[in-house]
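# Geometric and topological summary
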Amino acid sequence: NNKLAVVDKLNSEQFSDGIIQEGCDRLTRAKNVLIRGVPEVPGDAETIKNNDKQAVDEILGAVECTNKPVTFFRVGNPNPAGKYCRLIKVVLPNDLDVRTVLRNKKMLMGKPNTSQYSIISDQTPMQAKILKDLRIELKDRKASGKRTSL
């Protein structure tokens, strides 16, 4: 009986630590957006950074974000074969700017010079898993003919 109490306490502490870590991670990511579809240009680091800056500024302008990003960078390892473009992670000054960008992201489609780009929120692995599970459940409900409403 005493062994169960010790195991339960350890599991409880690990669970609490996981929840705290998830909360901190979400707060950190709340100021970030990810941009897809910006081609990577060959060249030295300065040329690449300038090209990415120009693309980020153009995209943020198209979605009516008035504040400049705090920083931005490519996520992942470079792809020498050029099969795909790495995401650009953009860190904005506050979460209100992120909400503005995500609310207005459909504006990219209406402009010819930005229609190839897309913007997504920066999610924790737990958030991504929850959303994936919800999509699967919705698909299953639709397939079974159940009425789905919010």
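Each value, and the rule that gives it
Residues numbered from 1 in each chain as written. Predicted model: local features only at pLDDT ≥ 70, side-chain atom pairs only at ≥ 80, totals over all residues. Heavy atoms only, no water. Pairing = 2+ DSSP bridges. Helix = DSSP H or I, 4+ residues; strand = E, 2+ residues; numbered from the N terminus. Axes fitted to C-alpha atoms, helices over the stretch in contact; angles between N-to-C directions. Buried < 20%, exposed > 50% of the residue type's maximum accessible area, 1.4 Å probe, protein only. Polar contact = N/O pair within 3.5 Å; in protein donor to acceptor, adjacent residues only side chain to side chain. Contact = heavy atoms within 4.5 Å. Core = buried A, V, L, I, M, F, W, Y, C linked by side-chain atoms within 4.5 Å. Expected span 1.5 Å × (residues − 1). Arc of directions from axis to C-beta.

## Some words on the sheet that holds strand β4 (residues 118–121)
Within the open sheet, the 4 strands sit side by side as β2-β3-β1-β4. Their pairing is antiparallel. Unpaired on one side and paired on the other, β2 (71–74) and β4 mark the two borders of the sheet. Here the average twist between neighbouring strands, direction ignored, is 25°. Of the strand pairs in this sheet, β2 and strand β3 (residues 88–91) are connected by 4 bridges, and their pairing is antiparallel. If you follow F73 over to β3, its bridge partner there is K89.

## Comments concerning the side chain of N32
One can find N32 in strand β1 (residues 32–36). Exposure remark for N32: the relative accessible area of 5% places this residue in the buried category. Side-chain polar atoms of N32 contact the side chain of D122, separated by 2.9 Å. The residues touching N32, leaving out its near neighbours within four places in the chain, are K89, V90, V91, V98 and D122.

## Re the nonpolar core
In terms of nonpolar packing, the biggest core is built from 19 residues, with I35, V90, L92, V101 and I119 touching the most fellow members. Of all elements in the fold, only β1, α2 (45–62), β3 and α3 (95–103) reach the threshold of two or more residues within this core. Beyond its immediate stretch of four places on either side in the chain, I35 contacts V56, I59, L87, I88, V90, S118 and I119.

## Concerning the environment of T71
Mapping T71 onto the fold places it in strand β2. Accessibility expressed as a relative area gives 35% for T71, which makes it partly exposed. Expressed as a C-alpha distance, the spacing of T71 and P93, which sit 22 residues apart in the sequence, is 9.2 Å. The contact partners of T71, leaving out residues within four places of it in the chain, are K89, V90 and V91.

## What about helix α4 (residues 125–143)?
The terminal C-alpha atoms of α4, which comprises 19 residues, lie 27 Å apart, in line with the 27 Å expected from a rise of 1.5 Å per residue. Residue G145 follows α4 closely and has a positive phi angle near 85°.

## Focus: α2
For α2, which comprises 18 residues, the first-to-last C-alpha distance of 26 Å matches the rise-based estimate of 26 Å (1.5 Å per residue) to within 8%. Where α2 is concerned, the buried positions are D52, A55, V56, I59, L60 and A62. Each buried residue of α2 lies within a common arc of 155° when the element is viewed along its axis, so the set occupies one face. Across from the buried face of α2, at angles greater than 90 degrees, the exposed residues are E46 and Q54. Here the buried face of α2 lies against β1, β2, β3, α3 and β4. Remark: E64 follows α2 within two positions and exhibits a positive phi of approximately 60°.

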